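# A structural walkthrough
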Amino acid sequence: MNHPTEEQLILYHYGEVEGRDLIASHLQGCESCRTSYQALQRVLEAVNSMPVPQRSESYGAEVWRQVSGQIVKATAPRRLDFWQLFQWPRWSVAGALALLVLIAFLAGRFWPQRDSTTEPLIAKSTQPISRQARERVLLKEIGDHLERSQLALIELINSKTNGVVDISLEQSLARQLVDVNRLYRQSALRLGDAGMASVLEDLERTLIEISNSPSQLSSTEFAEIRRRIDTDDTLFKVKVVGSQVRAKERETARELAAKRS
Amino acid sequence: MMEESDAALVTRAREGDQDAFRLLVERHSVRLFQLAFRMTSNEQDAEDLVQETFLRAYKQLSRFQSRAGLGTWLYRIAANCSLDLLRRQKRRGDQERAVEFDSEEAFPAILSGAPAPDQQVYHGEVRQKVESAMRELTPMERTAFVLRHFEGQSIEEIGSALGVGPGATKQSIFRAVQKMRRALEPLVNAIP
Ligand SMILES: [Zn+2]
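In this convention, every chain numbers its residues from 1, walking through the sequence in written order. Whichever chain is written first is A, and whichever ligand is written first is 1; the rest continue in order. Only residues with pLDDT of 70 or above have their local features reported here, since the model is predicted, and side-chain atom pairs are shown and tallied only from 80 upward, although totals for entire chains, interfaces and linings are computed over all residues. To obtain the side-chain values, all non-hydrogen atoms of the structure were used and water was disregarded.

### Some remarks on the overall build of chain A
By the criteria applied, helices consist of DSSP H or I runs no shorter than four residues and strands consist of E runs no shorter than two, each listed in order from the N terminus. The helix and strand tally for chain A stands at eleven helices and two strands. In sequence order, the secondary structure elements of chain A are arranged as α-α-α-α-α-α-α-β-α-α-β-α-α. Per-residue burial for chain A yields a buried fraction of 47% across its 261 residues. Put simply, 74% of the contacts in chain A that link residues at least 6 apart link residues at least 24 apart. Of the roughly 13100 Å² of accessible surface on chain A, 53% is carried by carbon and sulfur atoms. Working definition: with a 1.4 Å probe on protein chains only, accessible area under 20% of the residue-type maximum means buried, over 50% means exposed, and in between means partly exposed. Contacts were defined at the residue level, with two residues in contact if any of their heavy atoms lie within 4.5 Å. With residues, only the protein chains shown are counted as cover, and all accessible areas are computed by Shrake-Rupley using a 1.4 Å probe.

Structure (structure tokens):
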């Protein structure tokens, strides 16, 4: 046979080459290929010298301590699972619209006041629950929306590919999220929360792109979508804003509890 | 008592048994840390990756199929988490953090017997070269190479884990090996 290429030798080293026996017998007979293969082996052996710091036996328990808080939170009282995302009762445009009434009402507190006529107008039509209690509901809903979006994106970028990637499930999720997202973004904008609006805008662009793409993607097309999600840092930003909203929600809950007691 | 299998623990964890998931975390953390460290060359990043991997795994538990083996499945998730992280770091030019890692100080040589001082110097030099060559790899090259070289995963498995075709996976591995050769060959071929 001809001298094997460098690529064939690399595959040979990892036991993934076609015609393994042919290459083996060539290496026996051809000194220059043998020398070059030995050089390759030496390099790859040297790579093994890369040290990895040791972790003790208790490391696993330590990791559990770190993740268990978040896992317990995810499990109870409501466990967020990809499939359950489709069955969320309040998760609809109607639900979001109802919330926007709350958003407008709470504008003066959570967001800087822009339109002073909005608040009393809507306040009149709202039930007399405390403002803080309503704020908490709102924060929870936005937090949920961000969490659902985050999960949908994670599911998407982790989709399994065997040449063709079917993203139809993630797509139908994305379509529903787009509508809700648009409402939140518009009101965030109106209420002057530019940071929130900009993250929601990035998220919306990504969701629209997912919704509009074909549901069967070649692995190249899929890699491109993944790359774009990654380049825009959408996932990261959604995560950060999401945890800010969650923190604020917890704080409000604490204040509420303190008031009650 | 016989140790419960991963599959049995996954079944229990899916039913909401957190203790079962705890056992899985305890069982797989050390190995995942090794993978994560090879991906990042940074202890803190590696620890963060291990946590993120288990959190993602927990959320996706319903999609785990037992024929893949839990270890393989976790490495897939970890590989994707590190790919994300490496890409983020690359974009942010967050390299200065990685540079503070000093392999010589952090890890005493694990050499058999008592090596001659010049041999120690040589090993130290090789390690540093490996370290810096690894940093020269693109996120995709590094991830694919670590999975192939250290984890022994097949090109097909790697491609499917990272969502790229076998051709692209091979190319990433070839480029990684070529970069390692360029960096290391002069050094390793200098020894008798
Ligand atoms: Zn030859």
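Resuming the write-up.
### Overview of the overall build of chain B
Looking only at helices and strands, one finds ten helices and zero strands in chain B. Counting from the amino terminus, helix and strand elements in chain B follow one another as α-α-α-α-α-α-α-α-α-α. For chain B, buried positions account for 52% of its 192 residues. Considering only contacts within chain B whose residues lie at least 6 apart along the sequence, 64% involve residues at least 24 apart. Accessible area for chain B stands at about 8700 Å²; split by element, carbon and sulfur atoms hold 50% of it.

### Let's talk about the coordination of the zinc ion
All names here are of chain A. Around the zinc ion, the protein contributes the donor atoms His-3 (ND1), His-26 (NE2), Cys-30 (SG) and Cys-33 (SG), which lie 2.0 to 2.3 Å from the metal centre. Because water is not among the atoms used, a metal site may look incomplete, as its donors are only the N, O and S atoms within 2.8 Å, or 3.2 Å for Na, K and Ca. Donor residues for the zinc ion, ordered by position in the chain, follow H-x22-H-x3-C-x2-C. Taken as a pair, His-3 in the segment before helix 1 (6-13) and His-26 in helix 2 (residues 20-29) lie far apart in primary sequence, 23 residues in all. Judged by relative accessible area, which is 54%, His-3 ranks as exposed.

### Considerations on the interface of chain A and chain B
At the interface, 55 residues of chain A touch 66 residues of chain B. Summed over both partners, buried area is the accessible surface (1.4 Å probe) that two parts give up on being assembled. Carbon and sulfur atoms make up 59% of the area that chain A and chain B hide from each other, which totals about 5900 Å². The rule for a salt bridge is simple: a side-chain nitrogen of Lys or Arg has to be within 4 Å of a carboxyl oxygen of Asp or Glu. Where chain A meets chain B, there are five salt bridges. In this structure, Lys239(A) engages Glu52(B) in a salt bridge whose closest nitrogen and oxygen atoms are separated by 3.7 Å. As used in this structure description, the phrase polar contact means that two N or O atoms lie within 3.5 Å; if the pair is within protein, one of them must be able to donate a hydrogen and the other to accept it, and residues adjacent in sequence are counted only when both atoms belong to side chains. There are 13 residue pairs in polar contact (both at pLDDT 80 or more) connecting chain A and chain B. Those elements giving two or more residues to the side of chain A that touches chain B turn out to be helix 1, helix 3 (31-47), helix 4 (59-75), helix 7 (131-157), helix 10 (219-231) and helix 11 (234-260) of chain A. Looking at which element gives the most residues to the side of chain A that touches chain B, the answer is helix 4 of chain A, with eleven residues. Think of it as three bins: nonpolar holds Ala, Val, Leu, Ile, Met, Phe, Trp, Tyr, Cys and Pro, charged holds Asp, Glu, Lys and Arg, and polar takes everything else, Gly as well. Classifying every residue of the side of chain A that touches chain B gives 27 nonpolar, 13 polar and 15 charged.

### Quick look at helix 8 (residues 168-190) of chain A
Across its 23 residues, helix 8 of chain A extends 33 Å between first and last C-alpha, which sits within 8% of the 33 Å expected from 1.5 Å per residue. Downstream of helix 8 of chain A by one or two residues, Gly192(A) has phi in the positive range, about 85°. Each helix should span, by expectation, one fewer than its residue count multiplied by 1.5 Å.

### Topic: the packing of aromatic side chains
A pair of Phe, Tyr and Trp rings is counted when the ring centres sit within 6.5 Å of each other, with Trp represented by its six-membered ring. The angle between the planes then sorts it: under 30 degrees is stacked, over 60 is edge-to-face, the rest tilted. Applying the stated criterion across every chain yields a total of seven aromatic pairs over all chains. Aromatic side chains Phe21(B) and Phe54(B) sit 6.3 Å apart centroid to centroid with 90° between the ring planes, which places their arrangement in the edge-to-face category. Highlighted residues: Phe21(B) in helix 2 (residues 18-40) and Phe54(B) in helix 3 (residues 43-59), separated in sequence by 33 residues. The pair Phe21(B) / Phe54(B) is uniform in exposure class, with both members buried. An aromatic cluster is built from Trp64(A), Phe21(B), Phe54(B) and Tyr58(B), whose rings are joined through pairwise contacts.

### A closer look at the confidence of the model for chain A
Low-pLDDT stretches of the model should not have their predicted coordinates read in fine detail. Residue and element names in this part refer to chain A. Residues at a pLDDT of 70 or more form 74% of chain A, whose mean pLDDT is 76. Along the chain, pLDDT gives the predictor's confidence residue by residue, from 0 to 100. Of all the helices and strands in chain A, helix 6 (residues 118-125) carries the lowest mean pLDDT, 39, while helix 1 carries the highest, 96. This model gives residues 76-91 a pLDDT under 50, and the stretch forms 44 contacts once residues within four places in sequence are excluded. Segment residues 108-128: pLDDT under 50, and 33 contacts once partners within four positions in sequence are set aside and those in other chains are kept.

### Concerning the confidence of the model for chain B
Residues and elements named next belong to chain B. With 83% of its residues at a pLDDT of 70 or more, chain B shows a mean pLDDT of 82. Scored below 50 in pLDDT, residues 94-115 shows 28 contacts in the model against residues more than four places distant or in partner chains. Both scores are given for the predicted complex: the pTM is 0.56, the ipTM 0.83.

### Re the environment of Tyr122(B)
Note that Tyr122(B) resides in helix 7 (residues 117-136). Separated by 66 residues in sequence, Tyr122(B) and Val188(B) place their C-alpha atoms 9.2 Å apart.

### A short note on the side chain of Asn80(B)
Structurally, Asn80(B) is set in helix 4 (residues 70-92). Look past the residues within four positions of Asn80(B) in its chain and what remains in contact with it is Asn158(A), Arg226(A), Arg56(B), Ala161(B) and Leu162(B).

### Details of the environment of Arg31(B)
All names here are of chain B. You can see Arg-31 is positioned in helix 2. Sequence separation between Arg-31 and Val-50 is 19 residues; the distance between their C-alpha atoms is 9.6 Å. A distance of 3.2 Å separates the side chain of Arg-31 from the side chain of Tyr-75, its partner in a polar contact.

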